[in-house]
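Spelled out from the first residue to the last, the chains are:
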Amino acid sequence: MSLLIIENYIAGQGQPPCRRQYLDNVNPATGEPYARIPRSDTDDVEAAVQAAERAFPTWSQSTPEQRFRLLNRIADLIERDLEAYALAETTDTGKPLSVARSVDIPRAVANFRFFATAALQFASEAHPMTNLAINYTLRQPVGIAGCISPWNLPLYLFTWKIAPALAAGNCVVGKPSELTPVTAWMLARTCQEAGLPPGVLNIVHGLGPEAGQAIVAHPKIKAISFTGGTHTGRHIAAAAAPVFKKLSLELGGKNPHIVFADCRLEEALQTAVRAGFSNNGQICLCGSRLYIERPLYARFRDALVQRVQALKVGNPMQSDTDLGALVSQAHLDKVLSYIELAQAEGGRVLCGGQRVQVAAPCEHGYFVAPTLIEGLGLHCRTNQEEIFGPVLTIQPFDTAEEALALANGVDYGLAASIWTQDLSCAHRMAEQLHSGIVWINCWMLRDLRTPFGGIKQSGIGREGGWEAMRFFTEPKNVCVKYAEG
Ligand code: NDP
């Protein structure tokens, strides 16, 4: 089978990498390479920045209505091609096609639609000084924005950055993960068809430490919006600090899911399974530490084991598959090593715990059984470090104070869920949780207007709604003094 050749997208055109070097792109469900992607470096990023610089004066002066129409047109075209996009996302990530169809690609469409509207509605503040002067705030695009995204929700997270950056009048140099480049490449073609002016969006493919690093280091890129691991985020923060770049860092999570005995049991059970194993646990928001109030513990655990055992791991193309492949051999090895570590730390595997062999054509794919582990305390590595796989630990608690201490006892602070019908308890806990997002009696219920992001090692800054529009603009105060008398 001939390999698909991916190109960079610079100045409105598909471009090979300057050095003509390529990387293999592997289908994680089969373990077979199926595409080649540019191994770009500083020269490619330089070309992208130059294209963005040429496009910026006109794009930044375009009217909100023009940006609204273009972003909506991009959304319409992605929606038209939803099936092809979903197939590409599944082939790249190993996630079930049903999920790519119903979650990933519709969300990319929603991102463009949402921020198209934001372009129309964005407004700024005025601060009158009575009888003396008026201050008004101009919010102007930062210039060229760098958008770097991970492999777990490829088009979903890439467009979550690009759409607000463009809506606010910036030009963009973006880099998707080199593990999942295909939908970003398709997006380039969609933008061409939509009539996005050349250079407004540029997409450079390649390795993080090469192409990604070149974006972070480039002096003409004024803001970096990054989603990825905490380790990479730390590196980017250090590189950006001396040149005072604007930074938005959405990093890892180790999210607690706290279930009180008075919860609505069926909903809490269903959602604990979804929160633990959606996208194979490869979502930064996944609830990977499940705390259950002791009177409910044994009943909840036993029901959970049954439901987790019933999840079907298999070929992502089949409609009854719940969990597809993990994204790469390296990630498979990492997840399996954490399951071994959990056992060495004294954890008991209640179900799963091993690699799964799937029938042809997936016999070499990277599949792991969804895994439940009990018997571990807060301070072991399994409960402190982000595994980012289908591994959920469970532990009983006796009081709300203990649940809070467990929930807050990690370096991460992205999301938390609380399950109880006692709303005073839930609100009190929400106030005290060290977390950027708290869900009460739900998980991953998203409104794109709300601030999205974490505290502690889960990052700095917020995405979503006005937060994103503010990140991608510079506020300038203009003070006008009235004439005397
Ligand atoms: P990485 O941090 O490895 O990579 C993220 C992106 O950064 C990729 O495009 C990567 O490129 C690039 N990159 C890597 N090194 C550098 C560098 N030195 N300079 C610039 N860019 C670089 O994360 P993963 O792709 O492994 O994604 C998983 C992580 O993302 C998890 O920790 C997860 O929690 C986090 N995440 C956070 C979310 C949030 O909103 N808080 C949402 C989703 C995921 P390449 O792939 O080519 O190496």
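Everything discussed here concerns the structure shown above.
All values derive from a computational prediction rather than experimental measurement.

With respect to the overall build of the protein
- A count of helical and extended segments in the protein gives 15 helices and 23 strands.
- Taking 23 Å as the expected radius of gyration for a compact globule of 485 residues, we find that the protein reaches 23 Å, a close match to that expectation.
- Across its three principal directions, the C-alpha atoms of the protein cover 75 × 70 × 40 Å.
- In the protein, which comprises 485 residues, the proportion classed as buried is 57%.

Quick look at the site of the ligand
- Near the ligand lie 32 residues; those nearest to it are Glu 178, Thr 232, Leu 251, Cys 284 and Glu 386.
- For the ligand, an oxygen atom lies 2.9 Å from a polar atom in the side chain of Trp 151.
- One of the side-chain N or O atoms of Glu 178 is found 2.3 Å from an oxygen atom in the ligand.
- In isolation the ligand offers 900 Å² of accessible surface; the protein chains occlude 88% of this area.
- Breaking the shell around the ligand down by element, the ones donating at least two residues are helix 7 (208–217), strand 11 (221–227) and helix 8 (230–240).
- Examining the composition of the shell around the ligand, we find that five residues originate from one element, helix 7, more than from any other.
- Considering only residue class, the shell around the ligand consists of 15 nonpolar, 13 polar and four charged.
- Taken together, domain 1 (4–251 + 458–477) and domain 2 (256–447) each give at least three residues to the shell around the ligand, which thus spans both.

What to know about unusual backbone geometry
- Pro 361 follows Ala 360 through a cis peptide bond whose omega is 10°.
- Assignment of secondary structure puts Pro 361 in the loop between strand 15 (348–351) and strand 16 (371–374).
- Its identity as a non-glycine residue notwithstanding, Phe 388 has a phi of 65°, on the positive side.
- Inspection of the secondary structure puts Phe 388 in the loop between helix 12 (381–384) and strand 17 (391–397).
- Residues other than glycine seldom take positive phi values, yet Lys 456 does so here, at roughly 50°.
- By secondary structure assignment, the location of Lys 456 is in strand 21 (residues 455–456).
- Taking relative accessible area as the criterion, Lys 456 reaches 37% and is therefore assigned partly exposed.

A word on the pattern of salt bridges
- Taken as a whole, this structure holds 23 salt bridges when the rule is applied.
- Linking Asp 81 and Arg 80 is a salt bridge whose minimum nitrogen-to-oxygen distance equals 2.9 Å.
- Residue Asp 398 pairs with Arg 294 through a salt bridge whose shortest N-O separation is 2.9 Å. Pair noted here: Asp 398 is in the loop between strand 17 and helix 13 (400–408) and Arg 294 is in helix 10 (residues 294–309), with a separation of 104 residues, a long-range link.

Comments concerning the side chain of Thr 271
- Positionally, Thr 271 belongs in helix 9 (residues 265–277).
- Here the side chain of Thr 271 touches Glu 267 through a polar contact of 2.6 Å, landing on its backbone oxygen.
- In contact with Thr 271, other than residues within four places in its own chain, are His 257, Trp 419, Cys 442 and Trp 443.

Side note on a nonpolar patch on the surface
- A cluster of nonpolar residues, Tyr 136, Leu 138 and Val 480, forms a patch on the protein surface that exposes about 220 Å² of accessible area.
- Mapped onto the fold, Leu 138 is located in strand 7 (residues 133–141).
- By relative accessible area, which is 33% here, Leu 138 ends up partly exposed.

Concerning helix 7
- For helix 7, the full list of buried residues reads Ala 211, Gly 212, Ala 214, Ile 215 and Val 216.
- The inward-facing, buried residues of helix 7 abut helix 1 (42–60), strand 8 (144–148), strand 9 (171–175), strand 11 and helix 8.

Points about empty space enclosed by the protein
- Counted under the stated rule, the structure contains four cavities of 30 Å³ or more.
- For the largest cavity, the calculated volume is near 110 Å³.
- Around the largest cavity, the lining comprises 14 residues; the ones closest to its centre are Gly 281, Cys 286, Ser 288, Phe 388 and Gly 389.
- A per-class count over the lining of the largest cavity returns six nonpolar, six polar and two charged.
- If you trace the second largest cavity, you find it lined by Arg 107, Leu 153, Tyr 156, Leu 157, Trp 160, Ile 283, Cys 284, Leu 285, Met 444, Arg 446, Phe 452 and Glu 463.
- The element best represented in the lining of the second largest cavity is helix 5 (residues 154–167), accounting for three residues.
- Of the residues that constitute the lining of the second largest cavity, the class distribution is nine nonpolar, no polar and three charged.
- Mapping the lining of the second largest cavity onto the domain boundaries places at least three of its residues in each of domain 1 (4–251 + 458–477) and domain 2 (256–447).

What about the layout of surface pockets?
- What the largest pocket holds in volume is close to 1,000 Å³.
- Along its surface, the largest pocket is lined by 40 residues, and Trp 151, Phe 226, Gly 228, Gly 229 and Thr 232 are the ones closest to its centre.
- Elements supplying a minimum of two residues to the lining of the largest pocket: helix 7, strand 11, helix 8 and helix 11 (329–344).
- Of the residues forming the lining of the largest pocket, the biggest block, six residues, is contributed by helix 8.
- A class-by-class count of the residues in the lining of the largest pocket yields 15 nonpolar, 17 polar and eight charged.
- Taken domain by domain, the makeup of the lining of the largest pocket includes at least three residues from each of domain 1 (4–251 + 458–477) and domain 2 (256–447).
- Every residue lining the second largest pocket is counted, 26 residues in all, and those nearest its centre are Val 99, Val 103, Ser 278, Asn 279 and Ile 283.
- Among the secondary structure elements, those contributing two or more residues to the lining of the second largest pocket are helix 4 (97–121) and helix 9.
- Here the lining of the second largest pocket takes five residues from helix 4, the largest share from any one element.
- Class assignment of the residues belonging to the lining of the second largest pocket gives a composition of 13 nonpolar, eight polar and five charged.
- There are two domains that each give the lining of the second largest pocket at least three residues, and those are domain 1 (4–251 + 458–477) and domain 2 (256–447).

Thresholds, definitions, all that
- Residues numbered from 1 in each chain as written.
- Predicted model: local features only at pLDDT ≥ 70, side-chain atom pairs only at ≥ 80, totals over all residues.
- Heavy atoms only, no water.
- Helix = DSSP H or I, 4+ residues; strand = E, 2+ residues; numbered from the N terminus.
- Rg over C-alpha atoms; globule rule 2.2 N^0.38 Å.
- Buried < 20%, exposed > 50% of the residue type's maximum accessible area, 1.4 Å probe, protein only.
- Near = heavy atom within 4 Å.
- Polar contact = N/O pair within 3.5 Å; in protein donor to acceptor, adjacent residues only side chain to side chain.
- Areas by Shrake-Rupley, 256 points an atom, 1.4 Å probe, with all protein chains shown as cover.
- Nonpolar A, V, L, I, M, F, W, Y, C, P; charged D, E, K, R; others polar.
- Domains from an automatic or database assignment.
- Salt bridge = Lys/Arg side-chain N within 4 Å of Asp/Glu carboxyl O.
- Contact = heavy atoms within 4.5 Å.
- Patch = residues over 30% accessible without salt bridge, like charges linked within 9 Å, V, L, I, M, F, W, Y side chains within 5 Å.
- 1 Å grid on protein atoms, 1.4 Å probe; cavity = no way out; pocket = protein on both sides within 12 Å on 5 of 7 lines; lining within 4 Å.
- Points joined across faces, edges and corners; volume = space filled by probe spheres on them.

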